[in-house]
Number of protein chains: 2
Amino acid sequence: MMKYDLGEGDFKNWIVAEADFSRNLLGKAEAVMSLGNGYMGLRSATEEPYVGEVRNLFVAGTFNQSDRIEVSELPNAADVTRLDIRVDGERLDAAPSRTANYVRALNLKEAELTRSFIWTTSAGKEVAFTFKRFVSLDNLHVIAMSLEIEALDADVQISIESGINAQVANSGSQHFYEGEKRIYDKKYIEMIQKTVESQIDFMFHTVHHASLDGVELEEPFMRIDRRVVMLTFKSAVAKGQKLSLEKLTTVHTSRDKDLAGMELQDMRQQALSSLRACAAKGYDALLLEHARAWERKVWEVYPLHIDSENDFDLLAARFALYHLTVMTPAHDERMGIAAKGLSGEGYHGHSFWDTEMFILPFFTYSNPQIARSLLTYRYLGLEGARKKAKSNGYEGAMYPWEAAWPSDGEVAPEWGRVDVVTGKQTKIWTGFIEQHITADVAFAVWQYYMATDDQAFMEEFGYEIIFDTAKFWASRLEWDDSRQQYSINDVIGPDEYKEHVDNNAFTNYFAHFNLELAVTYYQQLRERDTAVYQKLNAKLQLEQAAIAWNEAIDKLYLPQPRDTDLLVPQDDTYLTKRIIDLTKYKNQTHVNTIFEDYSLEQLSDIQVSKQADLMILFYLLEDKFSEEVKIANYHYYEPKTLHDSSLSLSTHAILANDLNDRSLAYQLYQQACEIDLGPDMKSSDLGMHTASIGGIWQIIVMGFAGVRMIHGKLRMNPKLPAHWNKLEFSISWKGQRLEVAIGKDKLVITALDQLPVTLEVYGTEYSFDHVLTVNLASGDN
Amino acid sequence: MMKYDLGEGDFKNWIVAEADFSRNLLGKAEAVMSLGNGYMGLRSATEEPYVGEVRNLFVAGTFNQSDRIEVSELPNAADVTRLDIRVDGERLDAAPSRTANYVRALNLKEAELTRSFIWTTSAGKEVAFTFKRFVSLDNLHVIAMSLEIEALDADVQISIESGINAQVANSGSQHFYEGEKRIYDKKYIEMIQKTVESQIDFMFHTVHHASLDGVELEEPFMRIDRRVVMLTFKSAVAKGQKLSLEKLTTVHTSRDKDLAGMELQDMRQQALSSLRACAAKGYDALLLEHARAWERKVWEVYPLHIDSENDFDLLAARFALYHLTVMTPAHDERMGIAAKGLSGEGYHGHSFWDTEMFILPFFTYSNPQIARSLLTYRYLGLEGARKKAKSNGYEGAMYPWEAAWPSDGEVAPEWGRVDVVTGKQTKIWTGFIEQHITADVAFAVWQYYMATDDQAFMEEFGYEIIFDTAKFWASRLEWDDSRQQYSINDVIGPDEYKEHVDNNAFTNYFAHFNLELAVTYYQQLRERDTAVYQKLNAKLQLEQAAIAWNEAIDKLYLPQPRDTDLLVPQDDTYLTKRIIDLTKYKNQTHVNTIFEDYSLEQLSDIQVSKQADLMILFYLLEDKFSEEVKIANYHYYEPKTLHDSSLSLSTHAILANDLNDRSLAYQLYQQACEIDLGPDMKSSDLGMHTASIGGIWQIIVMGFAGVRMIHGKLRMNPKLPAHWNKLEFSISWKGQRLEVAIGKDKLVITALDQLPVTLEVYGTEYSFDHVLTVNLASGDN
């Protein structure tokens, strides 16, 4: 089990730790304690290997198809973390019965992972191990490791095999050709690989420094085998002596911007030089630079604090900020955030709507430069989106449900889990018919624009996204003679337990919103008649398109609350389906148990939802529905929702808070935090739930602090949980950072640049240019 | 450590067993206890997985290139042996401290592997496990497994995940596209794959039968993931109850002769039907059929018995017969024997001269049908050999140093172990310049012909091999002006520590022999002027070729014993090289330690040999050299030979016995047996040493029994080790089986078909047609 309170003093509520080690459940700590810097993500498998471990290193954006019938995915790159450690010939194996004082701890503040324990050999000798590692935020190419072994009560023989191991794959699929393997000066290991399809060169360089009580060990034994270069360090370690091993690795690829256009030979030399420079500094100096970068780039930029009766609330928030940083390729606008970040093979490194709906708001309101980069990724992705629209017979840009490299287009796999009835794999339809993603991207562009006033972004990238997505929708609609309206038939909405439905409410409303946006901006641009308008009109034939948009806006069917019970039908048939007793699945200890009893096809005929569907619509387009309607639907749909998607809880938490079910909201916050940081030890095996991580921040800021942007205006209706005394954070609004402090009875906002701000708090509009203090009625907060 | 005496009664000296289990050294038992039937080889990794294990399944002849820059090799096929077994949620892990009564035993007679132990869970509960498995010799497609779990002293919860796992690779290189995965009737698992280059379809089908005290368990949980189909069986097992699991698997490929020309759909159906038939029989009935096949196809055909003071001598001989059977694709003449059999990834499943020189004699003299099949593989390989000759600028057939599919030609990899000086990989030259293989194949054809009188084989296949290999040699020779003779320059001889040498004695003598053979058969055929002659002359232009052959025979330089010391130079420069103290390497506990100090390039300048070179020449062409010369050279070269190749000891043992160093010969026999079955626990990690296995048989029959074929005539000069009272075996000679019994003072040979036999024993020629008894002088034996 994870523990969360090991930090003391400066590190109180900064430490995620485990105090004992289970070889039966490895995935949790591997993912939750994974390291990274957005350039690469290193899953935290232990140095000594165990059966069942998953040892991953992903470099953002290095997509490749392992063979012609598999989807493009992030390749699992060569491993440098595994060390084969033997004491008197016996392989180190931290079985609980042989291990004392075990602690593994991820220090969120300095982003360093440490592990220490005393191991008793089968001959009864006690040996102390201390491991450390980090993935530098200062030099994005660096993985640094350190190991200290102390012979406590007897002389031992230690051997450590360490090097670069490229005998790795993605669940068996191999992405790399072998390239050259070499050892320079009996010291610097080099391994070159190339991806088999995308032809990306990977360059790994590793150097070791091994010493016994400060005296360098003699030369290691060298081994080069297939996809492997290894050194073996051997030493007698007398009682009381300490063996130290530092291992520094750099990872570069030909996709790196700073190596653009270089020949392999030159890239290798540059990479090797950079490793030599690291070697000259050593682990401790590199760690210092890395920790400073975390302070400067993360903790100073996201100054979040929660004063809660439960320490876990703050730790979980910091944990979210940590993972929001390590998962995000902020360095390169050609790359998006993967659904599992860079912490596991799940979802192949692909980007979903998770980014725009669950993660992007954090960056839009906290670090707009990064939000801009992520939206630029979608702009570049227009290439793939246009390809997808065309191949599906539509116009404009149809965003891929799963996105990899911007030009790839749709990369969703075609086959999924087993169908319990037929024994075949289930066809995955999302890549074909889960189409709301296209409107989600447009929505996110709008949200970013409203929050930042980044006109340059809109002119270069944003308008084109909104126009071309609207063109897709206009071409997508189908005329329904009976309703005399446009339908959007045969889709999957956010609730993925309902495939091939007509008029999913979320999809229709979002398509409508997308079309409205396009018309609004079209009119604005045409009136101003700028060069941007000229360019886009020429490129996208806006004038013609606008006619179709207006027609679509007028006639697109938007499901309305029923007179009888105020229920908004999730789609044309949901409310007519069979109702079954879901108790068993609502009480499940891990997700997806319903598939042990039903096939996906069978679920189509039951009123059961995987995740928030209407709720997320209520949250994002809150002014389209009355509170009455929201409450009625919340109480109808929530009991039918299994929260089998990690995207579900945060939305429900925010809704619950909005609807004044505040203790439930707090409970859902805690549950959302527990998706990765909770007792289900298998939930993170495939990687972190990045949307949920973004959701944690949203529950705090959008939920408890009540921050919303309504029609381009800022609103803040705080309702802190009863257990919280104070919440402090900052948001970026229209280019200025606002520091927010919410106490039991007071809201204080400080505009750091002293520029004028207007916002609404509980129905009252305030304008200020430095500090705003609002007294909160006890009923409000 | 392996133990060898666990058999009792009927199974005395039939059991290879280990009585305790080391998680630190897994490879030994995996390889030594590997199962197979020539169609496929299954490495004996334990059911529960361990770090460091190598889990291999190879299907003979299914060569594939994983990508364009790797050599064609036998792909590691999907695994069915791994079972993830948990007791009360805890993963089974047979750590010695938790395990009692551990025994793993390979019964050579019935070719069944069993393993049993009592495991204590971390909660202190005792659970007894019994595993069994075999790879059927009756139905070559079948892998059968059985597991019994008994709760000894408490109630437990058992879960077993089992299925087909294709997340395997060859040291990271993936050979397969994923095909369809499916579960029929919630019971029959199917996985289809296709090799990425050779486009061979693999079909795996698995069925389970799980029961608790005879009552079938309820339906398992089904999982289909990437390259994986799994079922999970769960059951409460009360104290005293037994959980049983039978798992039957069939493996078929589109390379199977019996599926030739069929569509994938039909092959799948046939394979699935065959599995259903197996399921109807069950483990025990299948085992009975399998054991009968071993009796009929192996033990009745190779009735070898040794009455020795050391039981190990007999067990090792049976062990050799066992592996000679499991390694050999006797069912298909398109396939050769791999250097590591089907027991490991070493040498990629390629065939070397190991077959012709070290293994084939066993089949030629014991089971000529199989020898014929193996030589037919070389006949088919003429396609690749001609390709290789042509691409190297030669004529005729130049056999590949490493052979895969017959048409592939050379498949030796280009890069090998690390050079300690440069840190680069060493270039592997064998595929280019280790050329004696071509003459070795011709020699083996001749040996087979002489021993069998199989004229039909010669006419269909044999002559063509001999002629076309002779054409290669004639085109290969280089004129040496100083000697006024032909040289063969820039080669590697059998001693691979000498690269780029001129006039390696073995190579020159064998090339010469090859040319002589061609001339002899050319003359015979031309005289008879048969259709065969017409055909071959038209195809190979024999008349022209014969002129060159005669010229080459006359003028090819054959190194002669020096007058001074009778030494035959191994090559033009060997005797001029530096001599160093080799004590350290002669006393090594594992091979190749010299590479820790020297690069291969440096070894070129030292009088050090990897393996027998001249000695094998003395053994195979014994009448070309006097005993005096043999002795002088033996005493000079042996101390310079590190026996770093497993091909070395058997030759030296035979030579030592020939030269009357009989106690050394016996010691070398034991050492040869210990190459796989000895105390070096890592020697078999990459797979069995098949040439050494063939060598064990050769030491017994060619060495101790003194069986030789000289100029087509049989000779038998027995010299049993002092520790042996009796040796019995049979050989096949000119189509008739001869049963041989050698005692301390008597040799008895029985001609089973009562056809006339002529042979020489210690210089006396005997002719008989039923039973020959020769009294042996004590000096002789």
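Residues numbered from 1 in each chain as written. Chains lettered and ligands numbered in written order. Predicted model: local features only at pLDDT ≥ 70, side-chain atom pairs only at ≥ 80, totals over all residues. Heavy atoms only, no water.

**Focus: the overall build of chain A**
Quick reminder of the rule: For helices the rule is a DSSP run of H or I covering at least 4 residues; for strands it is a run of E covering at least 2, with both sets numbered from the N terminus onward. Between the two quantities, the radius of gyration covers C-alpha atoms and the globule rule is 2.2 Å times the number of residues to the power 0.38. Burial here depends on accessible area, computed with a 1.4 Å probe over protein chains only, as a share of the maximum for the residue type. Under 20% is buried, over 50% is exposed, and the range in between is partly exposed. Residues count as neighbours in contact if any of their non-hydrogen atoms are within 4.5 Å of one another. Accessible surface is estimated by sampling points in the Shrake-Rupley manner with a 1.4 Å probe; for residues, cover comes only from the protein chains shown. Only four residue types enter the tally: Lys and Arg on the positive side, Asp and Glu on the negative side; His and the chain ends are excluded. Every charge is mapped onto a representative atom, which is NZ of Lys, CZ of Arg, CG of Asp or CD of Glu.
When you go through chain A residue by residue, the secondary structure sums to 20 helices and 32 strands. Relative to the 2.2 N^0.38 estimate, which gives 28 Å for 781 residues, the radius of gyration of chain A is 27 Å and therefore close to what a compact globule would have. For chain A, the spread of C-alpha atoms along the three principal axes comes to 85 × 60 × 55 Å. Every one of the 781 residues in chain A was classed for burial, and the buried ones make up 65%. A separation of at least 24 residues holds for 67% of the contacts in chain A among residues at least 6 apart in sequence. For chain A, the exposed area adds up to about 26900 Å²; of that, 47% sits on carbon and sulfur atoms. Averaged over its 78 positive side-chain charges, chain A has a centre that lies 3 Å from the centre of its 114 negative ones.

**Observations regarding the UniProt feature "domain: Glycoside hydrolase family 65 central catalytic" (unreviewed entry) in chain A**
Just so we agree on the cut-off: UniProt positions are given in the numbering used here, feature names are shortened, and annotations may be inferred rather than shown by experiment.
UniProt annotation of "domain: Glycoside hydrolase family 65 central catalytic" (unreviewed entry) refers to residues 318-698 of chain A when read in the numbering used here. Secondary structure content for residues 318-698 of chain A is 52% helix and 3% strand, while the C-alpha to C-alpha distance between its ends is 13 Å.

**Considerations on the UniProt feature "domain: Glycoside hydrolase family 65 C-terminal" (unreviewed entry) in chain A**
Mapped onto the present numbering, the UniProt feature "domain: Glycoside hydrolase family 65 C-terminal" (unreviewed entry) falls at residues 708-766 of chain A. Measuring from the first to the last C-alpha atom of residues 708-766 of chain A gives 15 Å, for a span that is 0% helix and 66% strand.

**Focus: the pairing of strand 12 (residues 156-165) of chain A**
Residue and element names in this part refer to chain A. Condition: Paired strands are those between which DSSP finds at least two bridges.
Burial within strand 12 is extensive, with 9 of its 10 residues counted as buried. Where strand 6 (residues 84-87) meets strand 12, 4 bridges bridge the pair, whose relative direction is antiparallel. Residue pairing in the sheet places Arg86 in a bridge with Ser159 of strand 12. Both strand 12 and strand 18 (residues 228-237) contribute to a ladder of 10 bridges, which runs antiparallel. Counted as the bridge partner of Val156 is Val237 from strand 18.

**Things to note about the relation of the copies chain A and chain B**
Heads up, the rule is: For the least-squares superposition of copies, only C-alpha atoms count, and only for residues with pLDDT at least 70 in both.
Mapping chain A onto chain B leaves a residual RMSD of 0.0 Å; the transformation is a rotation of 180° accompanied by 0.0 Å of translation along its axis. Given the turn and translation reported, the copies of this chain are related as if by a two-fold rotation axis. A share of 100% of the interface residues of chain A reappears at the interface of chain B, consistent with the copies meeting face to face through the same patch.

**Topic: the packing of aromatic side chains**
All names here are of chain A. This is how it is decided: Only centres within 6.5 Å qualify two rings of Phe, Tyr or Trp (six-membered ring in Trp) as a pair; their planes then separate them into stacked at under 30 degrees, edge-to-face at over 60, and tilted for everything else. Geometrically, a charge over a ring is one whose NZ (Lys) or CZ (Arg) sits within 6 Å of the ring centre while staying within 35 degrees of the ring normal.
The full count for this structure, using the stated rule, is 104 aromatic pairs over all chains. A ring pair is formed by Tyr302 and Phe362, whose centres lie 4.8 Å apart and whose planes are at 55°; its orientation type is tilted. With a gap of 60 residues between them, Tyr302 in the loop between helix 3 (283-299) and strand 20 (305-308) and Phe362 in helix 5 (residues 353-366) connect regions that are remote in the sequence. Both residues of the pair, Tyr302 and Phe362, count as buried. Taken together, Tyr347, Phe352, Trp353, Phe358, Trp401, Phe443, Trp446, Phe506, Phe510 and Phe513 form an aromatic cluster joined through their ring pairs. Taking the ring centre of Tyr188 as reference, the NZ or CZ of Arg276 above it sits at 4.4 Å.

**Focus on the sheet that holds strand 4 (residues 40-42) of chain A**
All names here are of chain A. Taken in spatial order, the 3 strands make up an open sheet running 3-4-5, and their pairing is antiparallel. Looking at which strands have only one partner, the edges of the open sheet turn out to be strand 3 (35-36) and strand 5 (57-59). Sheet topology places strand 3 next to strand 4; 2 bridges connect them, and they run antiparallel. Of the residues in strand 4, the one forming a bridge with Gly36 is Gly41.

**Let's talk about helix 13 (residues 542-555) of chain B**
The α-helix advances 3.6 residues per turn, and as a result positions three or four apart in sequence lie on the same side. Residue and element names in this part refer to chain B. Just so we agree on the cut-off: Multiplying 1.5 Å by the helix residue count minus one yields the expected span of that helix. To obtain the arc, one takes the directions from the helix axis to the C-beta atoms.
For helix 13, built from 14 residues, the straight-helix expectation of 20 Å at 1.5 Å per residue is met to within 8% by its first-to-last C-alpha distance of 20 Å. Those residues of helix 13 not exposed but buried are Leu542, Ala545, Ala546, Trp549, Ala552 and Ile553. All buried residues of helix 13 project into a common sector of 125° when viewed along the axis, lining one side. Seen from the open side of helix 13, the exposed residues pointing more than 90 degrees away from its buried face are Gln544, Ile547 and Asp554. On the buried face of helix 13, the contacting elements are helix 10 (455-476), strand 24 (485-487), helix 11 (505-528) and helix 12 (531-540).

**Observations regarding the packing of helix 5 (residues 353-366) of chain B against helix 20 (residues 690-704) of chain B**
Residues and elements named next belong to chain B. The criterion, for reference: Axes here mean lines fitted to C-alpha atoms, for a helix over just the part in contact, with angles spanning 0 to 180 degrees between N-to-C directions. Should an angle lie under 35 degrees it is considered roughly parallel, over 145 roughly antiparallel, and from 65 to 115 roughly perpendicular; all remaining angles are considered oblique. By the definition used in this description, the sense in which the near helix is turned from the far one sets the handedness, with an anticlockwise turn below a right angle giving left-handed and a clockwise turn giving right-handed.
Running from N to C, helix 5 and helix 20 point in directions that differ by 50°, and their axes come no closer than 8 Å. Judged on the interaxial angle alone, helix 20 and helix 5 are oblique. When you trace helix 5 past helix 20, the crossing you get is left-handed. For the pair formed by helix 5 and helix 20, the contact residues are Asp354, Met357, Phe358, Ile359, Pro361, Phe362, Tyr365 and Ser366 on the first element and Thr690, Ala691, Gly694, Gly695, Trp697, Gln698 and Met702 on the second.

**What about the interface of chain A and chain B?**
We apply this condition: Two parts placed together each lose some accessible area under a 1.4 Å probe, and the buried area is that loss summed for both. The term salt bridge refers to a side-chain nitrogen of Lys or Arg lying within 4 Å of a carboxyl oxygen of Asp or Glu. All amino acids are sorted into three groups, where Ala, Val, Leu, Ile, Met, Phe, Trp, Tyr, Cys and Pro are nonpolar, Asp, Glu, Lys and Arg are charged, and the leftover types, Gly among them, are polar.
Chain A puts 48 residues into the contact, and the matching count from chain B is 49 residues. Contact between chain A and chain B buries roughly 4000 Å² in total, counting both sides, with carbon and sulfur atoms accounting for 48%. Three residues stand out in chain A for area buried against chain B, namely Asn24(A), Val51(A) and Arg226(A), and they jointly supply 17% of the buried area on that side. Applying the counting rule to chain A against chain B returns 10 salt bridges. Taking the shortest distance from any N to any O, the salt bridge between Arg227(B) and Glu70(A) comes out at 3.0 Å. For the side of chain A that touches chain B, the secondary structure elements donating two or more residues are strand 7 (90-91), strand 13 (176-184), strand 17 (221-225) and strand 21 (415-418) of chain A. Here the side of chain A that touches chain B is built from residues that sort into 12 nonpolar, 15 polar and 21 charged.

**Digging into the confidence of the model for chain A**
Note: predicted coordinates in regions of low pLDDT should not be interpreted at a detailed level. Here is the rule: Confidence scores labelled pLDDT are given residue by residue by the predictor and lie between 0 and 100.
Within chain A, residue pLDDT values average 95, and 99% of them lie at 70 or more. Interface confidence for the predicted complex, expressed as ipTM, amounts to 0.92; the pTM equals 0.95.

**Here's the deal with unusual backbone geometry**
Working note: non-glycine residues mostly have negative phi, and peptide bonds are mostly trans. Positive phi, close to 60°, is recorded for Asp453(A), a residue that is not glycine. By the secondary structure assignment, Asp453(A) is in the loop between helix 9 (437-452) and helix 10 (455-476). Judged by relative accessible area, which is 47%, Asp453(A) ranks as partly exposed. Positive phi outside glycine occurs at Ser171(B), with the angle close to 45°. Mapped onto the fold, Ser171(B) is located in the loop between strand 12 (156-165) and strand 13 (176-184).

**So, the pattern of salt bridges**
Taken as a whole, this structure holds 100 salt bridges over all chains when the rule is applied. The partner of Asp658(A) in a salt bridge is Arg708(A), with the nearest N and O atoms 2.7 Å apart. Of this pair, Asp658(A) sits in helix 18 (residues 648-658) while Arg708(A) sits in strand 25 (residues 707-710); the two residues are 50 residues apart in sequence, bridging distant segments of the chain. The exposure class of Arg708(A) is buried, given its relative accessible area of 5%. The residue Lys194(B) makes a salt bridge to Asp201(B) at a minimum N-O spacing of 2.9 Å. In this structure Lys194(B) comes out as partly exposed when scored by relative accessible area, which is 27%. Salt bridges sharing common partners tie together Asp67(A), Glu70(A), Glu73(A), Arg226(B) and Arg227(B).

**Observations concerning the side chain of Gln607(B)**
Looking at the element boundaries, Gln607(B) is found in the loop between helix 15 (600-603) and helix 16 (614-620). Look past the residues within four positions of Gln607(B) in its chain and what remains in contact with it is Tyr574(B), Leu575(B), Thr576(B), Lys577(B), Arg578(B), Ile579(B), Leu582(B), Tyr636(B) and Lys640(B).

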